Amino acid sequence: MFNILRNPFCLFFLCILFLPARAQKRISELTLVYDYSVIIEGGNKLEGVGNASHTVYIKGNKSRSEMTNQLFSSTSIYDANTGFGVILKELSGQKLLIRMNPDNWSEKNRMYDGVEFKNTGESKVIAGYNCIKATGQTSAGAMVTVYYTKELVPENRTYDPLFRTLAGLPLEYELTNGNVKISYRFSKMSLNPVPASKFDIPTGGYREMNYEESKKLN
């Protein structure tokens, strides 16, 4: 009997056959944590932004983005099915809940419309994933440098307005605007199911307002 496992040519074609399935995985659930820092021109880090992290949660068409540091916290919860979202902010003891309709959400993220990423030809491995370096620019002139992997592709393309057109998952990136650079570095990641409670909107404890009212705040 012919044994394909002893035939090197058969083994080679088997590897080729299964490579695409291993090379790219579409994901519907994700928890991704970055460490981030704000650097002013000259290499000085912004004071008070210690122990800063950015956490992204994806569950189907719902997403949650948390930014926390020693000074404040800001959380965005968005439902791509309805187009509605909320922003939760905590600063100096104040807790705000800002409700946003689809038009509000589009207006808030308009600066990321039309961002096109171009691969540079550079690459590196982050957390075991092969990552490609790409660059882009927002309509406001901010430069974006990102290392992303094609091995993991979120099914939810709206979880981060900046990366709607990116052909993979960003594991490291920088935003540079003038003399300020915000750097995001991979910390940890899980592909396990995300609790549905992460996308619950608080029913108390926050001062609530709509998006138009929030724009009047200093």
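Only a predicted model underlies this, so the values are computations on that prediction, with no experimental measurement involved. (Residues numbered from 1 in each chain as written. Predicted model: local features only at pLDDT ≥ 70, side-chain atom pairs only at ≥ 80, totals over all residues. Heavy atoms only, no water.)

Participant: Got a sec to walk through the pattern of salt bridges? Specific residues and values, please.
Facilitator: A side chain with one charge can pair with a side chain of the opposite charge if their charged atoms come near. Evaluation of the coordinates by the stated rule reveals 11 salt bridges. Note that E208 is salt-bridged to R99, the shortest N-O span being 2.5 Å. Remark: R99 occurs in strand 8 (residues 94-100) and E208 occurs in strand 15 (residues 207-210); sequence separation between them is 109 residues. One salt bridge connects E174 with K181, and the closest N-O pair in it is separated by 3.8 Å. The exposure class of K181 is partly exposed, given its relative accessible area of 30%. One salt-bridge network, in which partners are shared between bridges, spans K124, E172, E174, K181 and R185. (Salt bridge = Lys/Arg side-chain N within 4 Å of Asp/Glu carboxyl O. Helix = DSSP H or I, 4+ residues; strand = E, 2+ residues; numbered from the N terminus. Buried < 20%, exposed > 50% of the residue type's maximum accessible area, 1.4 Å probe, protein only.)

Participant: Can you lay out the side chain of D79 for me, pointing to particular residues and giving the numbers?
Facilitator: With respect to the helices and strands, D79 occurs in strand 6 (residues 72-79). K62 provides the closest opposite charge to the buried, salt-bridge-free D79, at an N-O distance of 4.5 Å. In terms of polar contacts, D79 uses its side chain to reach the backbone amide nitrogen of N81, at 2.8 Å. Not counting residues up to four positions away in its chain, the partners in contact with D79 are N61, K62 and F84. (Lys, Arg positive; Asp, Glu negative; His and termini not counted. Polar contact = N/O pair within 3.5 Å; in protein donor to acceptor, adjacent residues only side chain to side chain. Contact = heavy atoms within 4.5 Å.)

Participant: Run through the pairing of strand 13 (residues 169-177), naming residues and quoting values.
Facilitator: In terms of burial, strand 13 is largely enclosed, as seven of its nine residues are buried. Examined bridge by bridge, strand 11 (residues 143-149) and strand 13 share seven bridges and lie antiparallel to one another. Note on strand 13: the bridge partner recorded for T145 is E174. Relative to strand 14 (residues 180-190), strand 13 is paired through six bridges, and the arrangement is antiparallel. Along strand 14, the bridge assignment pairs E174 with S183. Linking strand 13 back to strand 14 in an antiparallel pair, the connection comprises two residues, with G178 at a positive phi of about 65 degrees. (Pairing = 2+ DSSP bridges.)

Coordinates in, geometry out; function isn't part of it.
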